[in-house]
Amino acid sequence: MPDLVLAGCRWLESTPWGVMVRESAWMYPVMKWIHFTGLSVWFAANVTLDRRLTWIGFFIAFAGGFFLFSVEATTYVSNPGFVLKLAVLTPLALWWTVIVQNRAGAVILWIAVVTASVVFLLTNAGTYP
Amino acid sequence: MWQALQHAAWVEAIATSRGLYGLFLVVHYCGLFSCVGAIVVLDLSILGVANRHQPLSALVRQLRPWTWVGFGSSVGSGFLLFTTKAGSYVTATPFLVKLFIVVLAVVAALIVERRVSTWDQAPALPLPATVLALLSIVLWLAAILAAVEVPALTGLG
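Throughout this description, residue numbers start from 1 for each chain and increase along the sequence as written. Each chain takes a letter, starting from A, and each ligand takes a number, starting from 1, following the order in which they are written. Local features in this predicted model are restricted to residues of pLDDT 70 or higher, and side-chain atom pairs are both shown and tallied only at a pLDDT of 80 or more, whereas totals for entire chains, interfaces and linings draw on every residue. The basis for the side-chain values is all heavy atoms of the structure; hydrogens and waters are excluded.

Would you mind going over the overall build of chain A with me for this structure?
In terms of regular secondary structure, chain A is built from seven helices and zero strands. Secondary structure counts use DSSP, requiring at least four H or I residues in a row for a helix and at least two E residues in a row for a strand, with both numbered from the N terminus. Each helix and strand of chain A, placed in order from N terminus to C terminus, yields the pattern α-α-α-α-α-α-α. As defined in this context, the radius of gyration uses C-alpha atoms, and a globule is described by 2.2 Å times the residue total to the power 0.38. Relative to the 2.2 N^0.38 estimate, which gives 14 Å for 129 residues, the radius of gyration of chain A is 15 Å and therefore close to what a compact globule would have. Each of the three principal axes of chain A carries a C-alpha extent, and together these read 40 × 30 × 25 Å. Here the term buried applies to any residue with accessible area under 20% of the maximum for its type, exposed to any over 50%, and partly exposed to those in between, with areas from a 1.4 Å probe on protein chains only. Going through the 129 residues of chain A one by one, you find that 52% of them count as buried. By definition, residues are in contact when any of their heavy atoms lie within 4.5 Å. Across chain A, contacts joining residues at least 24 apart in sequence account for 71% of those joining residues at least 6 apart.

Now the structure itself:
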């Protein structure tokens, strides 16, 4: 990872919200809840091609994911599955669901994003699942 | 019985293979996003928050396969994931709470699906429609919350 990215990740971990979610007993699963809720809405909004709801779902997922990421950013960012998901597949899925709006392609991208996330989960060296 | 299931040869094959376990996790997540998402989007449409210019009966036809194919694949893969630690899951309260909420949420979703075409013809949205749609959203959100609390509270998963 480039030094600049790692420095940014270290900063995220030291932010008040990074510390708060890491040290709290209940906030981590709640952020996962928000993340999954957003993903569900994002996914299905694409079925009915409701562009506004697609954005809403994306932002809910992004908000939850951002806090989850802040907890152990340096560890996550050194995981290939995570990097693939964050830097390539998620932007691609966003572009596809908001601009292209093709259902079949979205499903394939979706499965790719989830697969990268599961690879990340199963190979993650961090403390949090 | 659950212990025996957990130690069956095919279950141990899943439990010891990261590829198989990961595959079922992918199916479980994709299925649940599709199922919960389709139901919540239908509920939001009933409440007039989403898809405002489409008739509800057309929306339910469009969303139904995503709901039930997603549900089926999520339950199927979920059962396979469950078998790998069946003995522990059956005594884990958060897991049982999650299953109970999912059953309630499925009942709510089925009632909404059955009745949605009659609401389409009504001049104004009937009160039961609003109540059922809100209840369905709350139950599915509660199901996801219970689901993420399973690993957080029990260490399983």
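Now that the structure has been shown, we can carry on.
What exactly am I supposed to notice about the side chain of B:T84 here?
Residue and element names in this part refer to chain B. Topologically, T84 is positioned in the loop between α4 (56–83) and α5 (86–89). Separated by 2.6 Å, the side chain of T84 and the backbone oxygen of L81 make a polar contact. Those residues in contact with T84 that lie beyond four places of it in its chain are Q6, V11, I14, A15 and Y21. For the purposes of these results, a polar contact is taken to be a pair of N or O atoms within 3.5 Å, where, inside protein, one atom must be able to donate a hydrogen and its partner to accept one; residues adjacent in sequence count only when each atom of the pair is a side-chain atom.

Explain the confidence of the model for chain B to me, please; I cannot follow it from the model alone.
Any residue range with low pLDDT should be treated as having predicted coordinates unsuitable for detailed reading. All names here are of chain B. One number per residue, pLDDT, summarises how confident the predictor is, and it ranges from 0 to 100. In this model, chain B carries an average pLDDT of 95, and 100% of its residues clear a pLDDT of 70 or more. Per-element confidence in chain B is highest for helix α3 (residues 18–46), whose mean pLDDT is 97, and lowest for helix α1 (residues 2–6), whose mean pLDDT is 93. Complex prediction metrics read pTM 0.95 and ipTM 0.94.

What's the story with unusual backbone geometry in this structure? I'm lost.
Leave glycine aside and you will find that most residues have negative phi; peptide bonds, for their part, are mostly trans. All names here are of chain A. In this structure, L49 takes a positive phi of about 55° despite not being glycine. Following the sequence through the fold, L49 ends up in the loop between α3 (27–47) and α4 (51–71). You will see that Q101, though not glycine, has its phi angle at about 55°, which is positive. For Q101, the position within the fold is in the loop between α6 (80–100) and α7 (103–123).

How should I be thinking about the nonpolar core in this particular structure?
Note that soluble globular proteins tend to have their nonpolar side chains buried in a common cluster. Counting residues in hydrophobic clusters, the biggest one holds 63 residues, and the most contacted among them are A:W110, A:V114, B:Y29, B:F33, B:I46 and B:W140. Those elements that place two or more of their residues in this core are α3, α4, α6 and α7 of chain A together with α3, α4, α6 (93–121) and α7 (127–154) of chain B. Broken down by element, this core gets its largest block of residues, 17 residues, from α3(B). As used in this record, nonpolar core signifies buried Ala, Val, Leu, Ile, Met, Phe, Trp, Tyr and Cys residues forming a set joined through side-chain atoms within 4.5 Å. Membership of the second largest hydrophobic core comes to 15 residues, among which are A:L12, A:M27, A:L68 and A:V77.

For this particular structure, what's the right way to read the interface of chain B and chain A?
Quoted interface sizes are often the accessible area lost when the parts come together. Each partner contributes residues to the interface: chain B has 32 residues there, and chain A has 26 residues. Of the roughly 2500 Å² buried where chain B meets chain A, counting both sides, 78% is carbon and sulfur surface. Salt bridge, as applied in this entry: a Lys or Arg side-chain nitrogen positioned within 4 Å of an Asp or Glu carboxyl oxygen. The interface formed by chain B and chain A holds zero salt bridges in total. At the surface where chain B touches chain A, the tally comes to five residue pairs in polar contact (both at pLDDT 80 or more). Listed by contribution, the elements that provide at least two residues to the side of chain B that touches chain A are α3, α4 and α7 of chain B. Residues are grouped as follows: Ala, Val, Leu, Ile, Met, Phe, Trp, Tyr, Cys and Pro are nonpolar; Asp, Glu, Lys and Arg are charged; every other residue, Gly included, is polar. Across the side of chain B that touches chain A, the residue classes tally to 23 nonpolar, six polar and three charged. Simply put, the buried area is the total loss of 1.4 Å probe accessible area from both parts when two parts are fitted together.

Got a minute to help me understand the packing of α7(A) against α3(B) in this structure?
Two packed helices can be described by the angle between their axes and the distance between those axes. All axes here are fitted lines through C-alpha atoms, helices being fitted over the stretch that makes contact, and every angle between N-to-C directions spans 0 to 180 degrees. Interhelical geometry of α7(A) versus α3(B) gives an angle of 135° and a closest axis separation of 9 Å. In this view, α7(A) runs oblique relative to α3(B), as classed from their interaxial angle. You can see that α7(A) and α3(B) cross each other, and the crossing is right-handed. For the pair formed by α7(A) and α3(B), the contact residues are A:W110, A:I111, A:V114, A:T115, A:V118, A:L121, A:L122 and A:T123 on the first element and B:R18, B:Y21, B:G22, B:L25, B:V26, B:Y29, B:C30 and B:F33 on the second. In terms of residue class, the contact of α7(A) with α3(B) is made up of 12 nonpolar, three polar and one charged. An angle below 35 degrees is treated as roughly parallel, one above 145 as roughly antiparallel, one from 65 to 115 as roughly perpendicular, and anything else as oblique. Two helices that cross are described as forming a left-handed crossing if the nearer one is turned anticlockwise from the farther one by less than a right angle, and a right-handed crossing if clockwise.

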